[in-house]
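# Tertiary structure, described
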Amino acid sequence: MHVLLGHPYDFGLSTERFRTFGNDRANAWHAGPDGAGGLHRFVGGREVRIEAAPGGVEAVGATAADLPELRHLLGAAFDLDAFAAWAAGDETLAPVVAALEGFRPMLVPDPWEALVTSITAQQVSLRSATAIRSRLIEAYGAPGEHAHAFPARDRIAGARPDDLVALGFSGRKAEYVVELARSELDDAGLASLADDEVKERLVALRGLGEWTADWFLARHLGRPHAWPAGDLALVKAVRAAYAEIQDVRAFGERLHPFQNLAAQYLLAGHRLLPPA
C-alpha cells in the first residue's frame, strides 16, 4: 500500500530515532535483500514493512483498513507547509527547519504503548529505555519475522512487578506499568478530550507526571500545542539554539501555534545538525 505524505518527504530522516537509540523491538529497522532499510511494525495485527517510496512510503503487507493507523504512525496530519512558512519568521528556527526539510515526526499510534514508552524513558537515557522496553516487548509481545507486537494491556495486567524487574525495570517503574495496566483509565478515550483534561486524567495516576502527559500529547495525540518543557533534552536543545532563554516553559508561548513541531525539530536539529 502506497501512503502519500506530500513532497518533500525524507523517510530516512523521519525514521532516524528508531536507529539512533538502539533496537526497538516494536519498531524494528531491517535492511531488505536490496540493502534498503525499512521499518517493521505490527499494524492491524500483522507485521508490516514500511519503506521509502515517491512522495511517501510503501507499507508492504498492509491493507486498506490499516490506512488510518499508518497515517497516524507517520504523522500525516502535521501541516509541515504551514509550519515552515511560520518558522521562516524566526531567524533561529528557520535554518533548522530548512536543514531538516522532509522530516515528518512519527507518532506512537497506540495510547497504551505511548504511556508505557514514556514510563520506561523517565530519568534514563533513551538508549537504556529502548533496551529495557525491548525486553518487555520480547517477553510479552507476539513475535513476527523482524518485529514483535507491543504487549497487550491485559497481558501486562496479569504480570507481577517482580516479573518486570527481572527484565530490567526499576521497582517503581515496574509497579507503575502494572498498576497502569490494571487501572480503569480509558486510554483510547483520551483522544476526545482537550489537552488540559488529558493531562488531568494522566497525572492523577501513580507514576504519570507532567513530563509523561506532555509527551503523550506530543507523540501519541500529535497535539499542536504540546510543549514538554520539563524534558532535559528539549531544555538543552532550546538553550543551544536560543542562548538567551532561561524559562523554557514560558518560551513555549513564543512558538504558538506550533509548539509540538518546534519541539520535534529543535530536538532533531540538536542531535543531527552541527552547532551554528
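Refer to the structure printed above.
A brief report on the enclosed structure follows. (Residues numbered from 1 in each chain as written. Predicted model: local features only at pLDDT ≥ 70, side-chain atom pairs only at ≥ 80, totals over all residues. Heavy atoms only, no water.)

## Considering the overall build of the protein chain
On a plain count of helices and strands, the protein chain comes out with 15 helices and five strands. Against the globule reference of 19 Å for 276 residues, the protein chain gives a C-alpha radius of gyration of 18 Å, in line with a compact fold. For the protein chain, the C-alpha atoms occupy an extent of roughly 50 × 45 × 35 Å along the three principal directions. Every one of the 276 residues in the protein chain was classed for burial, and the buried ones make up 52%. In the form shown here, the protein chain has an accessible surface area of approximately 12600 Å², with 54% of it arising from carbon and sulfur atoms. Here the protein chain contributes 27 positive and 36 negative side-chain charges, whose respective centroids are spaced 5 Å apart. (Helix = DSSP H or I, 4+ residues; strand = E, 2+ residues; numbered from the N terminus. Rg over C-alpha atoms; globule rule 2.2 N^0.38 Å. Buried < 20%, exposed > 50% of the residue type's maximum accessible area, 1.4 Å probe, protein only. Areas by Shrake-Rupley, 256 points an atom, 1.4 Å probe, with all protein chains shown as cover. Lys, Arg positive; Asp, Glu negative; His and termini not counted. Charge placed at Lys NZ, Arg CZ, Asp CG, Glu CD.)

## With respect to the packing of helix α12 (residues 210-219) against helix α15 (residues 259-272)
Orientation of α12 relative to α15, taken along the N-to-C sense of each, is 95°, at an axis distance of 10 Å. Taken together, the axis directions place α12 and α15 in an arrangement best described as roughly perpendicular. Listed contacts from α15 to W215, L217, A218 and R219 of α12 are N260, Q264 and L267. (Axes fitted to C-alpha atoms, helices over the stretch in contact; angles between N-to-C directions. Parallel < 35°, antiparallel > 145°, perpendicular 65-115°, else oblique. Contact = heavy atoms within 4.5 Å.)

## Here's the deal with the environment of P161
For P161, the location among the structural elements is in helix α9 (residues 161-165). Judged by relative accessible area, P161 falls into the partly exposed class, the value being 27%. Look past the residues within four positions of P161 in its chain and what remains in contact with it is A174, E175 and V178.

## Notes on the pattern of salt bridges
Under the counting rule described, the total for this entry stands at 15 salt bridges. Between R254 and E244 there is a salt bridge, with the nearest N and O atoms lying 3.7 Å from each other. Here R254 is found in the loop between α14 (248-251) and α15, whereas its partner E244 is found in the loop between α13 (232-241) and α14, with 10 residues between them in sequence. On the basis of relative accessible area, E244 is assigned to the exposed category, the value being 52%. Ionic contacts of the salt-bridge type, sharing partners, join the residues K199, E210, D214 and R249 into one network. (Salt bridge = Lys/Arg side-chain N within 4 Å of Asp/Glu carboxyl O.)

## Observations regarding the nonpolar core
Within the largest apolar cluster, 66 residues are counted, with the highest numbers of intra-cluster contacts made by L93, L164, L202, W227 and V238. With sequence-adjacent residues up to four places away left out, L164 is seen in contact with L136, Y140, A159, F169, A174, V177 and V178. Judged by nonpolar contacts, the second largest core, of 17 residues, contains V3, L5, F18 and V48. (Core = buried A, V, L, I, M, F, W, Y, C linked by side-chain atoms within 4.5 Å.)

## Points about helix α6 (residues 111-121)
In terms of burial, α6 is a largely internal element, 11 of the 11 residues being buried. What α6 keeps buried is the set P111, W112, E113, A114, L115, V116, T117, S118, I119, T120 and A121. Summarising the contacts, the buried residues of α6 are in contact with β3 (37-43), α7 (126-140), α8 (153-157), α10 (171-182), α11 (195-203) and α12. You can read the cap of α6 off the contacts: a side-chain oxygen lies 3.2 Å from the backbone nitrogen of W112, and it is on D110. Following α6 by one or two positions, Q123 adopts a phi angle in the positive range, close to 60°. (Polar contact = N/O pair within 3.5 Å; in protein donor to acceptor, adjacent residues only side chain to side chain.)

## Observations concerning the sheet that holds strand β1 (residues 2-4)
As summarised here, the arrangement of the five strands in space is β1-β5-β4-β3-β2, forming an open sheet in which the pairing is antiparallel. Each edge of the sheet is formed by a strand with only one pairing partner; in this case those strands are β1 and β2 (28-31). Averaged over all neighbouring strand pairs, the angle between strand axes comes to 35°, with direction disregarded. The sheet contact formed by strand β4 (residues 46-53) and strand β5 (residues 56-60) spans five bridges and is antiparallel. Bridging from a neighbouring strand, I50 pairs with A59 of β5. (Pairing = 2+ DSSP bridges.)

## Observations concerning the environment of S14
The topology assignment puts S14 in helix α1 (residues 11-14). Sequence separation between S14 and P105 is 91 residues, and the spatial gap between their C-alpha atoms is 5.9 Å. Not counting the four nearest positions on each side in its chain, S14 is found in contact with Y9, G102, F103, R104 and M106.

## Some details on unusual backbone geometry
The amide bond that connects H256 to the next residue, P257, takes the cis arrangement and shows omega of 10°. For P257, the position within the fold is in the loop between α14 and α15. At Q123, a position not held by glycine, the phi torsion is positive, near 60°.

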